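If you want the building blocks of each chain, they are given just below.
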Amino acid sequence: MLKRLWVSLKRDFKMNLTNGYLLITVAVALLYMLVVRFAVPEQLSTSARLYLYDATTEQTMANYAQSFGEEQAVLVYGETELTELMAENENSVGLILTEGDPLPQVRLVFQAAQGEQIQQLMLASLESELRALYGVEASDIEVSTRLLNETYSEPIPFNKGLVTVLLYSDPVMIGLLFVAALYFVERQQGTVKAYLVTPGRVWEYVLAKAVSLGLLALLFTLILVPFTVGSGVNYAALLTLVFMGSILSSLVGTLLASFYTDLGQFFAPGVLVILFLSLPGISYYVPSFSPWWLRLHPTYSMLFGMKEALFPSGNPQIIVSGVLVLLALDIVMLAVSSLALDRQFVRR
Amino acid sequence: MIHVRELYHSYGHNDTYQVKNVSFDITRGEIFGFLGPNGAGKSTTQKIMTGLLPLQRGYVELAGQDMGHIDRQIFNKIGVAFEQANLYGKLTGLENLQFHAGLYGVPTIDPMALLIRLDLEEAANKRVSTYSKGMQQRLALARSLLNNPEILFLDEPTSGLDPSSARSVKELIREKQTEGVTIFLTTHDMHVAEELCNRVAFINAGEIVALDSPRELKLRYGERTLLIENRVNGHIESLILDQNKDDDRRHLLALMQAGSVETVHSQEATLEAVFIALTGRGLD
């Protein structure tokens, strides 16, 4: 069995080479690496909405807030309200004034994801106003950060954060289209028929293709990640998740391909399935949106496992759950897709 | 070596059968020809026998293996060369053979040795997509021989080959027969069948209409006449004499005694003529 798997894997890797899949993978990885490093900024926006809570008797801040306009500054009437509003708007900053002796106490609240750059900018822009109003110096302002999500240990620069999504959407999900193209070419050539009159099993045939594409996904990862995110990455966990995720995508592609006769028929449903598998990406960009049904999505734990592997926050259980979910899904999908291919694709 | 009993197959899973009540036995070392026109049920029968189509009704046994309950180890004993070569066009000829050799659980023949035997050594490292149809056909035949099969299924093995390559392939088939390989040869080429097969079965509309050695079929369905070329006054005269008629027998004897007979040809039927006589249609 291992010998058959090995020769099938060698054949599929040669096919990936001759089909140009290897070249495409390397070229896209290099392109993404350059885009992430040199084209995408670390911070997408440096302007943030200011929520002001003035607990002093003078209420001087009300006038101050009005001078900004509602788009930029909003006056609130309690610390709880300020926290709730900040939770809804990740691109926001809080300013709290309380009575002090002789000067009011000033506290700035930042989001966990806001980096040093935006904090310095906000402090600089508020300093002159606070000095004019209260005579408060920048050094007197207390700065605190609010943990929006427990998984954040430190802010992830926007461009590096993009790497998770690139890994998730390209080498992992693209396997679905690649594998279908391989099946349709082989079906046209009739090579599947020749394989079926050997001792080789259909599941070995399916697995070899998925593994060969999984290896391409690993190559993609090893080109993109070291030159973008760099050190501090849990590579063992990341490569495991990427490899298993790519296999899952290929197996889903195999199952889907078994219902169609050519790539033209397959394309539209294939893209729909990719969109479905990409749904957890919403939670990645909008962490406050992660309803229970999205958490149950088959690739949710994979995406956040990859994020934890790329940007470790001390929560390895996210990786473990991602690996276990993928392992279970890979086994189930290997059985289902092999059965479907055997019955509906090969013997048609 | 091969036993087929009351085989039926319906693609629509209804009462319209593409293969109907097909039965035959093939002994070890025999070349068995399965003759019929396109759509007669040849390929369907072969697909059922090789496990490419599920066995719906009937019984098929290959080398002791019931093909209704396939243990995939049986494929270590079988070689199949399809009419369409079914090769990886982007791999070389050698890579195609090396891949398939690795799938068997039994000792295999060196792929390069097979390529040399089939005059493909110069193309060994070229992509199969650059091969001519004849070269692809020979490569597919080489692939079917990799595992030293006990049973060989050949579908139109000389189709698309030039006369020299066809002769080489036929020699190879005879060589395999002398080694004890049982060969199931599907074809609609009566010359190939006559030349190679110990027995042939004619299949028409899914049913076997005749099964015997080519010689017996030709004798049974042909006429017992002789075509004589006789020299008379320096000119060649052709005449047909019936061996069943006393006058014709006496005439032949007289010609022989006179020593004027130049050629004698028996007038038995061709296999194609037998097929037409049995089915009312040709093999093409």
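A short tour of the structure in this document, coming up. (Residues numbered from 1 in each chain as written. Chains lettered and ligands numbered in written order. Predicted model: local features only at pLDDT ≥ 70, side-chain atom pairs only at ≥ 80, totals over all residues.)

### Some words on the overall build of chain B
Applied cut-off: Secondary structure counts use DSSP, requiring at least four H or I residues in a row for a helix and at least two E residues in a row for a strand, with both numbered from the N terminus. In this scheme the burial state of a residue depends on its C-beta neighbours within 10 Å: 20 or more other such atoms mean buried, 12 or fewer mean exposed, and anything in between means partly exposed; the C-beta positions come from the backbone. Residues are scored as being in contact if the C-beta atoms we place from backbone atoms lie within 7 Å.
Looking only at helices and strands, chain B has 9 helices and 13 strands in total. Expressed as a percentage of the 284 residues in chain B, the buried residues total 41%. Sequence separation of 24 or more characterises 67% of the internal contacts of chain B that already satisfy a separation of 6 or more.

### Some points on the overall build of chain A
When helices and strands are tallied, chain A shows 15 helices and 5 strands. Classification of the 348 residues of chain A by burial places 38% in the buried group. Within chain A, contacts between residues separated by at least 24 positions form 76% of all contacts whose residues are at least 6 apart in sequence.

### Some thoughts on the interface of chain A and chain B
With 20 residues of chain A at the contact, the number on the chain B side is 24 residues. In terms of residue count, the dominant contributor to the side of chain A that touches chain B is helix α1 (residues 2-18) of chain A (7 residues).

### Considering the packing of α1 of chain A against helix α9 (residues 202-224) of chain A
Packed helix pairs are characterised by how far apart their axes lie and by the angle those axes make with each other. Residue and element names in this part refer to chain A. Going by this rule: Angular values range over 0 to 180 degrees, each being the angle between N-to-C directions of two axes fitted as lines to C-alpha atoms, with helices fitted over their stretch in contact. Note on angle classes: values under 35 degrees are labelled roughly parallel, values over 145 roughly antiparallel, values of 65 to 115 roughly perpendicular, and the remainder oblique. Throughout, a crossing is termed right-handed when the near helix is turned clockwise from the far one, and left-handed when it is turned anticlockwise from it by less than a right angle. For this classification, Asp, Glu, Lys and Arg are treated as charged, while Ala, Val, Leu, Ile, Met, Phe, Trp, Tyr, Cys and Pro are nonpolar and the rest, including Gly, are polar.
It is the contact of α1 with α9, at a shortest axis distance of 8 Å, that shows an interaxial angle of 50°. Between α1 and α9, the angle falls in the class oblique. In the packing of α1 onto α9, the handedness of the crossing is right-handed. From α1, Arg4, Leu5, Ser8, Leu9, Asp12, Phe13 and Asn16 reach across to α9, where they touch Glu204, Tyr205, Leu207, Ala208, Lys209, Val211, Ser212, Leu215 and Leu216. Tallied by class, residues from the contact of α1 with α9 come to 9 nonpolar, 3 polar and 4 charged.

### Observations concerning the sheet that holds strand β11 (residues 225-232) of chain B
Hydrogen bonds between backbone atoms are what pair the strands of a sheet, whose relative direction is either parallel or antiparallel. Residues and elements named next belong to chain B. Selection rule: Here, a strand pair is defined by DSSP locating no fewer than two bridges between the strands.
With antiparallel pairing, 3 strands are arranged side by side in an open sheet as β12-β11-β13. Of all the strands in the sheet, just β12 (235-242) and β13 (261-266) have a single pairing partner and so form its edges. Each adjacent strand pair in this sheet contributes to an overall mean axis angle of 20°, direction not counted. As defined by bridge partners, β11 adjoins β13 across 5 bridges and the pair is classed as antiparallel. In the sheet register, Leu227 faces β13, and the bridge partner there is His265.

### A closer look at the environment of Leu108 of chain A
You can see Leu108 of chain A is positioned in strand β4 (residues 105-111). Sequence separation of Leu108 of chain A and Val225 of chain A is 117 residues, and the distance between their C-alpha atoms is 35 Å.

### Considerations on the sheet that holds strand β6 (residues 78-81) of chain B
Residues and elements named next belong to chain B. Read from one edge to the other, the open sheet built from 6 strands follows the order β6-β7-β8-β3-β9-β10, with strand pairing classed as mixed. The sheet terminates laterally at β6 and β10 (207-212), the two strands that pair on one side only. Between one strand and the next, the sheet's axes are offset by a mean angle of 15°, whatever the strand orientation. Bridge analysis of strand β3 (residues 31-35) against strand β9 (residues 199-204) gives 4 bridges, and the strand direction is parallel. Counted as the bridge partner of Gly33 is Val200 from β9.

### Points about unusual backbone geometry
Residues and elements named next belong to chain B. Positioned with a positive phi, Glu6 is a non-glycine residue whose angle comes to about 45°. Tracing the sequence through the fold places Glu6 in strand β1 (residues 2-9). For Glu6, a count of 11 C-beta atoms within 10 Å translates into the label exposed. One non-glycine residue with positive phi stands out, namely His13, at about 50°. Positionally, His13 belongs in the loop between β1 and β2 (19-26). On the basis of neighbour counts, which here come to 8 C-beta atoms within 10 Å, the residue His13 falls in the exposed class.

### Some words on the pairing of β3 of chain B
Residue and element names in this part refer to chain B. Within β3, 5 of the 5 residues are buried, which leaves the element mostly enclosed by the surrounding structure. The two faces of β3 match: Ile31, Gly33 and Leu35 on one face and Phe32 and Phe34 on the other face are all buried. Summarising the sheet, β3 and strand β8 (residues 182-187) pair through 5 bridges and their orientation is parallel. By the bridge assignment, Ile31 is partnered in β8 with Ile183.

### Side note on the nonpolar core
The cut-off we apply is this: A set of buried Ala, Val, Leu, Ile, Met, Phe, Trp, Tyr and Cys residues, joined to one another through C-beta atoms within 7 Å, is what we call a nonpolar core.
Judged by nonpolar contacts, the single largest core of 138 residues is most densely connected at Leu241 and Met306 of chain A together with Leu139, Ala142, Ile183, Phe184 and Leu185 of chain B. Looking at this core, the element that brings in the most residues is helix α10 (residues 235-257) of chain A, giving 13 residues. Within the second largest apolar cluster, 19 residues are counted, among which are Leu50, Leu97, Phe110 and Met122 of chain A.

### Side note on the environment of Asp212 of chain B
Residues and elements named next belong to chain B. Residue placement: Asp212 occurs in strand β10. For the pair Asp212 and Asn198, spaced 14 residues apart in sequence, the C-alpha to C-alpha distance is 8.4 Å. The contacts of Asp212, once residues within four sequence positions are left out, are Arg199 and Leu217.

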